[in-house]
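Residues per chain are reported as follows:
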Amino acid sequence: MLTEAQTAYTWIDCPAGSRDREIPHTSLTVAREVEWRQIASSSTNEDITISRWEASRDAKRHEATTPDGRYFVGIALKTTRAKLTRERQIIFDGTMPSGTLYVSAPSRRLSAQFEGPCDFLHFHISADHFPARWSPDAAEELDDLVLLRDPLAAGLTRALAEQGDAAGHQFARCIGEILAMHLARPELPRAKVNALPKWRLRRVEHHIAAHFERGISLSELANVAGLSRMHFAAQFRAATGYRPREYLLNHRIEQAKSMLTTTERPLAEIALAVGFSTQAHFSTVFKRISGETPARWRAASKGHRPDVEVLSRRRPSWDRDHIVSTAA
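Per chain, residue numbering runs from 1 following the sequence as it is written. Totals for whole chains, interfaces and linings use all residues, but because this is a predicted model, local features are given only for residues with pLDDT of at least 70 and pairs of side-chain atoms are given and counted only at 80 or more. Excluded from the side-chain calculation are hydrogens and water; included are all heavy atoms of the structure.

## Digging into the nonpolar core
What counts is decided by this rule: Throughout, nonpolar core names a set of buried Ala, Val, Leu, Ile, Met, Phe, Trp, Tyr and Cys residues whose side chains join them through atoms within 4.5 Å. Buried residues are those whose accessible area, probed at 1.4 Å on protein chains only, stays under 20% of the maximum for their type, while exposed residues exceed 50% and partly exposed ones sit between those limits. Helix and strand definitions here come from DSSP, where helices need a minimum of 4 consecutive H or I residues and strands a minimum of 2 consecutive E residues; each element is numbered from the N-terminal end. Only heavy atoms matter for contacts: two residues are in contact if any of them lie within 4.5 Å across the pair.
Of all hydrophobic cores here, the largest spans 31 residues; its most connected members are Val-204, Ile-208, Phe-232, Phe-236, Val-274, Phe-276 and Phe-282. Only α5 (198-211), α6 (218-225), α7 (229-240), α8 (244-262), α9 (267-273), α10 (279-290) and α11 (294-301) provide two or more residues apiece to this core. No other element matches the seven residues that α8 contributes to this core. Other than its neighbours up to four places away in sequence, Val-204 contacts Leu-221, Val-224, Ala-225, Phe-232 and Phe-236. Membership of the second largest hydrophobic core comes to 25 residues, among which are Leu-101, Ala-153, Ala-172 and Ala-184.

Next up, the structure:
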């Protein structure tokens, strides 16, 4: 039997799906979110309710109306592609990186469609937690707000998820209230997302896929999209969550992962094949994006760990590359 303090903030977990290795599940499961923002059981009258929505592969359309007197805040725990619409108006259509935050105001109906695995933490926050001095017009500025890679929101959700059973009443209250204060800051960006249109984005994606092994400048990609460099860079980031250079590096690393898994080609050869001029630079970028060096990632993908001593004897430069990668 749960105490009143334990039920004051309700964790609502979704059906089993793709798991995010970096943010573990809490085991304090009181109810389940069987559909997007739909709670199967348990009270939803608390001033802050926290739920979790996951899907291993979900392309269908979901719709939900935010209750009167509450704000809905969704925070992505892993990168996914999403399309948000309201009354046939597209609010967002593109990649939501981990840490993306989006808001729906009270009494507003929102539609969502996710492409591929997704994992979101949902906060249902009473309007009482927002400044009482707000006018209705000021409060509505939060409606349809989308912030790509919000560091504070990402840190708060990670801290809450990692606490598990230890996340008690006061801790959860603090997280919810801090999130509300964060959203209420007057300096918070209020601009709507103006994403690169899909047909332009596809042209750029195809161009990168065809030429990733060589240097690709921002001007070249802007020309492919038919925009100026400034407008292209801003719209591309809104659509994908990445700066053009970051996207290119991520694409190269994904290609490298495929080669590491399916071939026995040396690391230096793979580095050159995917567009890096040196193995050291390749190792640095690979570790920054993947969290492991290429050698360790290859070994883990094949079900065994590398013998560090053997690697050190065979490739004396490995330890130096590893140190450089860690420092970066």
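So, next bit.
## Brief notes about the sheet that holds strand β10 (residues 109-115)
Definition in use: Paired strands are those between which DSSP finds at least two bridges. The angle between two axes is taken between their N-to-C directions and runs from 0 to 180 degrees, where each axis is a line fitted to C-alpha atoms and a helix contributes only its stretch in contact.
If you walk across this open sheet you meet the four strands as β5-β10-β7-β8, and the pairing is antiparallel. This sheet does not close on itself; its edge strands, each paired only once, are β5 (61-65) and β8 (89-96). Pairs of neighbouring strands in the sheet enclose a mean axial angle of 20 degrees, with direction left out of account. In this sheet, β10 lies alongside β5 in antiparallel orientation, the contact comprising five bridges. Looking at β10, one finds that Glu-63 is bridged to Ser-111.

## Some words on the packing of α8 against α10
Selection criterion: When an angle is under 35 degrees it counts as roughly parallel; over 145 it counts as roughly antiparallel; between 65 and 115 it counts as roughly perpendicular; any other value is oblique. Charged means Asp, Glu, Lys or Arg here, nonpolar means Ala, Val, Leu, Ile, Met, Phe, Trp, Tyr, Cys or Pro, and polar covers whatever is left, Gly included.
The N-to-C vectors of α8 and α10 enclose an angle of 95 degrees; their axes lie 10 Å apart at closest approach. Regarding the angle of α8 to α10, the classification is roughly perpendicular. In contact with Leu-249, Asn-250, Ile-253, Ala-256, Lys-257 and Leu-260 of α8, α10 contributes Phe-282, Val-285, Phe-286, Arg-288, Ile-289 and Ser-290. Across the contact of α8 with α10, the residue classes tally to eight nonpolar, two polar and two charged.

## Looking at the packing of aromatic side chains
Quick reminder of the rule: To pair, rings of Phe, Tyr and Trp, with the six-membered ring standing in for Trp, must have centres within 6.5 Å; the planes then decide the type, stacked if under 30 degrees apart, edge-to-face if over 60, and tilted in the middle. Here, over-ring charges are defined by two tests on the NZ atom of lysine or the CZ atom of arginine: distance to the ring centre within 6 Å, and angle to the ring normal within 35 degrees.
The tally for this structure, following the rule as stated, stands at 10 aromatic pairs. Measuring from centroid to centroid gives 5.4 Å for Phe-232 and Phe-236, while their planes differ by 40 degrees, and the two rings are tilted. With Phe-232 and Phe-236 both in helix α7, this residue pair falls four residues apart, about one helical turn. Phe-236 matches Phe-232 in its accessibility class, with the two residues each being buried. An angle of 65 degrees between the planes, with centres 5.7 Å apart, marks the rings of Phe-282 and Phe-286 as edge-to-face. Taken as a pair, Phe-282 and Phe-286 lie in helix α10 at a separation of four residues, close to a single helical turn. Take Phe-282 and Phe-286: they sit in the same class, and that class is buried. Just above the ring of Phe-72 sits the side chain of Arg-37; from NZ or CZ to the centre is 3.7 Å. Across the ring face of Phe-276, the terminal group of Arg-252 is positioned such that the distance to the ring centre comes to 5.7 Å.

## Here we look at the environment of His-122
Topologically, His-122 is positioned in strand β11 (residues 118-126). A C-alpha to C-alpha distance of 4.6 Å links His-122 and Gly-74, two positions 48 residues apart in sequence. With residues up to four places along the chain from it excluded, the contact list for His-122 reads Glu-33, Trp-36, Arg-37, Thr-49, Ile-50, Ser-51, Trp-53, Phe-72, Val-73, Gly-74 and Tyr-102.

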